[in-house]
Amino acid sequence: MNSADKIKTRFNKLQKRLRREMGQAIADYNMVEEGDRIMVCLSGGKDSYTMLDILMNLRRSAPVSFDLLAVNLDQKQPGFPEHVLPEYLQSLDVPYHVIEQDTYSVVNRVVPEGKTTCGLCSRMRRGALYAYAEEHGYNKIALGHHLDDLYENFFIRIVRGSGLKGLASLEKTNEISKINLIRPLLVFDKSDLIFISKHVFNFFIEDPSNKDFKYTRVRIRSFIDELKKEGFDKKKLFLTISNLRRSNQTLLFYVEQNKKMNSFLNQKKNELILNENFFKNPYEVIFRSLIDSIKIIGGKYNTVRGKKIDNILSKIENNVLIKETLGGCIIKKLNQTVIISKED
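Counting restarts for each chain, with residues numbered from 1 along the sequence as it is written. Where totals are concerned, whole chains, interfaces and linings use all residues; where local detail is concerned, this predicted model gives features only for residues with pLDDT of at least 70, and gives and counts side-chain atom pairs only at 80 or more. The side-chain numbers reported here are obtained from all heavy atoms of the structure, hydrogens and water having been left aside.

A look at the overall build of the protein
For step 1, the next point in the chain: Helix and strand definitions here come from DSSP, where helices need a minimum of 4 consecutive H or I residues and strands a minimum of 2 consecutive E residues; each element is numbered from the N-terminal end. The secondary structure content of the protein amounts to twelve helices and eleven strands.
For step 2, the next point in the chain: Expected size for 344 residues packed as a compact globule is a radius of gyration near 20 Å; at 22 Å, the protein falls within 12% of this value.
For step 3, the next point in the chain: Taken along the three principal axes of its C-alpha coordinates, the protein extends 80 × 50 × 40 Å.
For step 4, the next point in the chain: Note on classification: 1.4 Å probe, protein chains only; a residue is buried when its accessible area is under 20% of the maximum for its type, exposed when over 50%, partly exposed between these limits. Across the 344 residues that make up the protein, the buried fraction comes to 44%.
For step 5, the next point in the chain: For the protein, the computed accessible surface area is about 18900 Å², with 50% contributed by carbon and sulfur atoms.
For step 6, the next point in the chain: Of the side chains in the protein, 55 bear a positive and 42 a negative charge, and the two mean positions are spaced by 3 Å. Throughout, the radius of gyration refers to the C-alpha atoms, and the reference size of a globule is 2.2 Å times the residue count to the power 0.38. Surface accessibility in these figures is a Shrake-Rupley result with a 1.4 Å probe; residues are shielded only by whichever protein chains are displayed. For the purpose of charge, His is not counted, nor are the chain termini; Lys and Arg are scored as positive and Asp and Glu as negative. A charged residue contributes its charge at one atom only: NZ of Lys, CZ of Arg, CG of Asp or CD of Glu.

Thoughts on the sheet that holds strand β11 (residues 337-342)
For step 1, the next point in the chain: At least two bridges found by DSSP between two strands is the condition for calling them paired. If you trace the five strands from one edge of the open sheet to the other, you get β7-β8-β11-β10-β9, paired in antiparallel fashion. The open sheet terminates on both sides in strands that have one partner only, identified here as β7 (263-266) and β9 (323-326). Recorded for the sheet is a direction-independent mean angle of 20° between the axes of neighbouring strands.
For step 2, the next point in the chain: Pairing analysis gives four bridges linking β7 to strand β8 (residues 271-274), with the strands arranged antiparallel. Within β8, the residue paired with S263 across the bridge is L274.
For step 3, the next point in the chain: The criterion used for residue contact is that any of the two residues' heavy atoms lie within 4.5 Å. Simply put, an axis is a line fit to the C-alpha atoms, just over the touching stretch for a helix, and the angle between two N-to-C directions goes from 0 to 180 degrees. Strands in contact with helix α12 (residues 306-317) are β9, β10 (329-334) and β11; relative to β9, the strand with the most contacts, it is inclined by about 165°.

Re helix α11 (residues 283-298)
For step 1, the next point in the chain: Taking 1.5 Å per residue, 16 residues should reach 22 Å; α11 reaches 22 Å between its end C-alpha atoms and fits that length.
For step 2, the next point in the chain: Across the 16 residues of α11, twelve count as buried, placing the element largely inside the fold.
For step 3, the next point in the chain: By the burial criterion, the buried members of α11 are V285, I286, F287, R288, S289, L290, I291, D292, S293, I294, I297 and G298.
For step 4, the next point in the chain: A positive phi of about 70° marks G299, the residue just after α11. Here the expected span of a helix is defined as 1.5 Å times the quantity of residues minus one.

Concerning helix α10 (residues 234-262)
For step 1, the next point in the chain: The terminal C-alpha atoms of α10 lie 41 Å apart, and with 29 residues this matches the ideal 42 Å at 1.5 Å per residue to within 8%.
For step 2, the next point in the chain: Elements that come into contact with the buried residues of α10 comprise α6 (147-159), α7 (164-167), β7, β8 and α11.
For step 3, the next point in the chain: Any pair of nitrogen or oxygen atoms within 3.5 Å is treated as a polar contact; in protein, a donor-acceptor pairing is required on top of that, and neighbouring residues in sequence qualify only through side-chain atoms on both sides. Capping the start of α10, D233 holds a side-chain oxygen 2.9 Å from the backbone nitrogen of K235, two or three residues further along.

Overview of unusual backbone geometry
If a residue is not glycine, its phi is most likely negative; likewise, a peptide bond is most likely trans.
For step 1, the next point in the chain: Phi is positive for N270, close to 50°, though the residue is something other than glycine.
For step 2, the next point in the chain: Here N270 lies in the loop between β7 and β8.
For step 3, the next point in the chain: Its relative accessible area of 36% is what places N270 among the partly exposed residues.
For step 4, the next point in the chain: Here N335, not a glycine, exhibits a phi torsion of approximately 60°, which is positive.
For step 5, the next point in the chain: Relative to the elements of secondary structure, N335 occurs in the loop between β10 and β11.

What follows is the structure, given as structure tokens:
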């Protein structure tokens, strides 16, 4: 068998496996259901091209009917070939839209020189995508995260001081407000997606920021490459993340119990009343329960910052909380209860 035949054989096997396993993941986690309106986020990289291709094939053969919209967020990154994606998408039988939002200039103006821009850039990117999806009636957002993203995200969260929830993040599915995020490629290696992209699409866009060491993700990627040279076993890291997820799920159970048993929603006043027992749980349970409560009333996508929650809990514990504003909410203490109401 010559090299061309070997490449063709590998491609056919890999493409079948990708479609089979992604289809299985979609079925197992109800990623795609009857009547769904799915916004497929395209960066132009190997992951998003492959994801769109498989979802389009699924739409033609699936027993359920669903809509797809390919969306690219043009963040005005210098050097990004903004004409490539629209030209490619015009050739496909799928509607598309380009959101133009100059997050690059905003981030570089706001973040001090020498500080990482990843956090703010990520929040602005998510905010733009979620807002567009909600405004146009898309109930699901498909993201092209793969296994390498999972590992990189784990190390990024470690250096940022994340807790259990952060370390166990990047689930196959999770819900943000009324929008479900789905990650159908999360079981695949980046190398497989690169191979498929080269032989199906003949190209993919290289993000110029992927080579810029001012970004945390690029430095983490380089760190992982060095670990690989020393025998780094990705399967063991995957096992670690899986164990953390199980621990996180256990913790989530107690958070939900705390909210169910120790909070009351006054719908007429649109306020949430937290009783005394709400604050008699382990600290992490209280911490997460309070964040969820603020999001319920405030209705904002992004989670409020941890230090601010710590500050409010400290004031509650020391009986010095009078009135605080956070996450679009007013938080005040009345006798032994805490009341969270919508900020005007």
